[in-house]
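Descriptive structure summary
One-letter residues, chain by chain:
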Amino acid sequence: GDSVTQTEGLVTLTKGLPVMLNCTYQTTYSPFLFWYVQHLNEAPKLLLKSSTDNKRTEHQGFYATLHKSSSSFHLQKSSVQLSDSALYFCALRVGGTYQRFGTGTKLQVVP
Amino acid sequence: GPKVLQIPSHQIIDMGQMVTLNCDPVSNHLYFYWYKQILGQQMEFLVNFYNGKVMEKSKLFKDQFSVERPDGSYFTLKIQPTALEDSAVYFCASSLDWANYAEQFFGPGTRLTVL
C-alpha cells in the first residue's frame, strides 16, 4: 500500500551546519509530497509541497526536490538555526485520498 | 495566517465515558479532517467531512466514533464509549478544497487521556 518512511527519529546538529532529513515513499500512483513542521505545543504547519519530478521547491530557507526515480523527497537546509528545532513530518497524498504521514523526525539544534 | 482552534487542549476521562472533541476550522474552509497521533508514533488519518457527510474514513475510525458539524458551528469528534487505546493527541484540520495540492491547516491538538 501507499506509505511514507522517515528513517531518523532524532537529529541533533550544531547551529550553522547543514541538515538533510530523509523521506522516501511507496506508491503506484502519481504522488504529492509534503513537509510539515511542528514546533513544541503548536499546530503542524505546511513547509513545502511538490508533485513535480526533479524540481526544487523552497520555503523559509528549506528546500526539497521530488525524485520519482528514487521515490524520495528529502528536506534540506544549508545552515540550521536554533529556531529550526522542531518536529518535521513528511506526508504523501495520492489519487485524491487522505494524507499519509511519516513517523516524524525531531530536529534539535544546539548552540 | 489562518488558524484552526481546538477545545479543550487536554481531556482526561474514565474508560467507558463519552467525550467530544471540538474544532473551530478556518472560517471559509469546506473540508474538515481528524487525525490521531499516539505518543511517539506518526499522525494517522481518521476521517474527512464535507457538506455534512463523511467522505472517507480509515480503519481507525471505529463504530464508537462519530463526527458532525451542526449548523456551521464546531466540527466535533465524539467517542462513545471510550477505550484505553483511544488515548492519543487528536488533530483537527481544514482545507478550502479537496485537490491533492490543497493545503490543510492544522489545529494544535487535543490530548485525550483515557484512564
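Our subject is the structure listed above.
Our subject in this report is the structure included herewith. If you're wondering where the values come from, they're calculated on a predicted model, not measured in any experiment.

What follows deals with the overall build of chain A. Looking only at helices and strands, chain A has zero helices and twelve strands in total. Going from the N terminus to the C terminus, chain A shows its helices and strands as β-β-β-β-β-β-β-β-β-β-β-β. Over its C-alpha trace chain A gives a radius of gyration of 13 Å, about what one expects of a compact globule, namely 13 Å for 111 residues. Each principal axis of the C-alpha atoms in chain A carries an extent, and together these give about 45 × 30 × 20 Å. Within chain A, counting contacts between residues at least 6 apart in sequence, those at least 24 apart form 54% of the total. Carbon and sulfur atoms provide 51% of the accessible area of chain A, an area that totals close to 5200 Å². Positive and negative side-chain charges of chain A, numbering 10 and 6 respectively, have mean locations separated by a distance of 4 Å.

It is worth spelling out the sheet that holds strand β8 (residues 75–79) of chain B at this point. All names here are of chain B. Ordered by their spatial adjacency, four strands build an open sheet running β1-β3-β8-β7, and the pairing between neighbours is antiparallel. The open sheet is flanked by β1 (5–7) and β7 (65–68), the only strands paired with a single partner. Each strand axis lies, on average, 20° off the axis of its neighbour in the sheet, ignoring direction. In this structure, β1 lies alongside strand β3 (residues 19–24), joined through three bridges in antiparallel fashion. If you follow isoleucine 7 over to β3, its bridge partner there is asparagine 22.

Residues and elements named next belong to chain A. The strand order across the open sheet formed by four strands is β3-β9-β8-β7, and the pairing between neighbours is antiparallel. On the outer flanks of this sheet lie β3 (19–21) and β7 (56–59), each paired with one strand and no other. Recorded for the sheet is a direction-independent mean angle of 20° between the axes of neighbouring strands. Across three bridges, the pairing between β3 and strand β9 (residues 75–77) is antiparallel. Counterpart to leucine 21 in the pairing with β9 is leucine 75.

Our next topic: the interface of chain B and chain A. One frequent convention defines the size of an interface as the accessible area lost when the parts assemble. Contact with chain B, which involves 19 residues of that partner, is made by 22 residues of chain A. Taken together, the links from chain B to chain A amount to zero salt bridges. Elements with a minimum of two residues in the side of chain B that touches chain A: β4 (31–37) and β5 (43–50) of chain B. The residue makeup of the side of chain B that touches chain A, split by class, is ten nonpolar, seven polar and two charged.

Taken as a whole and assessed by the stated rule, the structure comprises two disulfides over all chains. Linked covalently through their sulfurs, Cys23(A) and Cys90(A) form a disulfide whose S-S length is 1.9 Å. When the S-S torsion is -60°, as for the bridge of Cys23(A) with Cys90(A), the disulfide is left-handed. With Cys23(A) in the loop between β3 and β4 (24–26) and Cys90(A) in strand β10 (residues 86–94), this pair connects stretches of sequence that are 67 residues apart. Comparing Cys23(A) with Cys90(A) shows no difference in burial state: the two are buried. There is a disulfide in this structure between Cys23(B) and Cys92(B), and the S-S distance comes to 1.8 Å. Taking the sign of the S-S torsion, about -65° here, the bridge from Cys23(B) to Cys92(B) comes out left-handed. In this pair, Cys23(B) sits in strand β3 while Cys92(B) sits in strand β9 (residues 88–95), placing the two residues 69 residues apart along the sequence.

Criteria and thresholds
Residues numbered from 1 in each chain as written. Chains lettered and ligands numbered in written order. Predicted model: local features only at pLDDT ≥ 70, side-chain atom pairs only at ≥ 80, totals over all residues. Heavy atoms only, no water. Helix = DSSP H or I, 4+ residues; strand = E, 2+ residues; numbered from the N terminus. Rg over C-alpha atoms; globule rule 2.2 N^0.38 Å. Contact = heavy atoms within 4.5 Å. Areas by Shrake-Rupley, 256 points an atom, 1.4 Å probe, with all protein chains shown as cover. Lys, Arg positive; Asp, Glu negative; His and termini not counted. Charge placed at Lys NZ, Arg CZ, Asp CG, Glu CD. Pairing = 2+ DSSP bridges. Axes fitted to C-alpha atoms, helices over the stretch in contact; angles between N-to-C directions. Salt bridge = Lys/Arg side-chain N within 4 Å of Asp/Glu carboxyl O. Nonpolar A, V, L, I, M, F, W, Y, C, P; charged D, E, K, R; others polar. Disulfide = S-S within 2.5 Å. Buried < 20%, exposed > 50% of the residue type's maximum accessible area, 1.4 Å probe, protein only.

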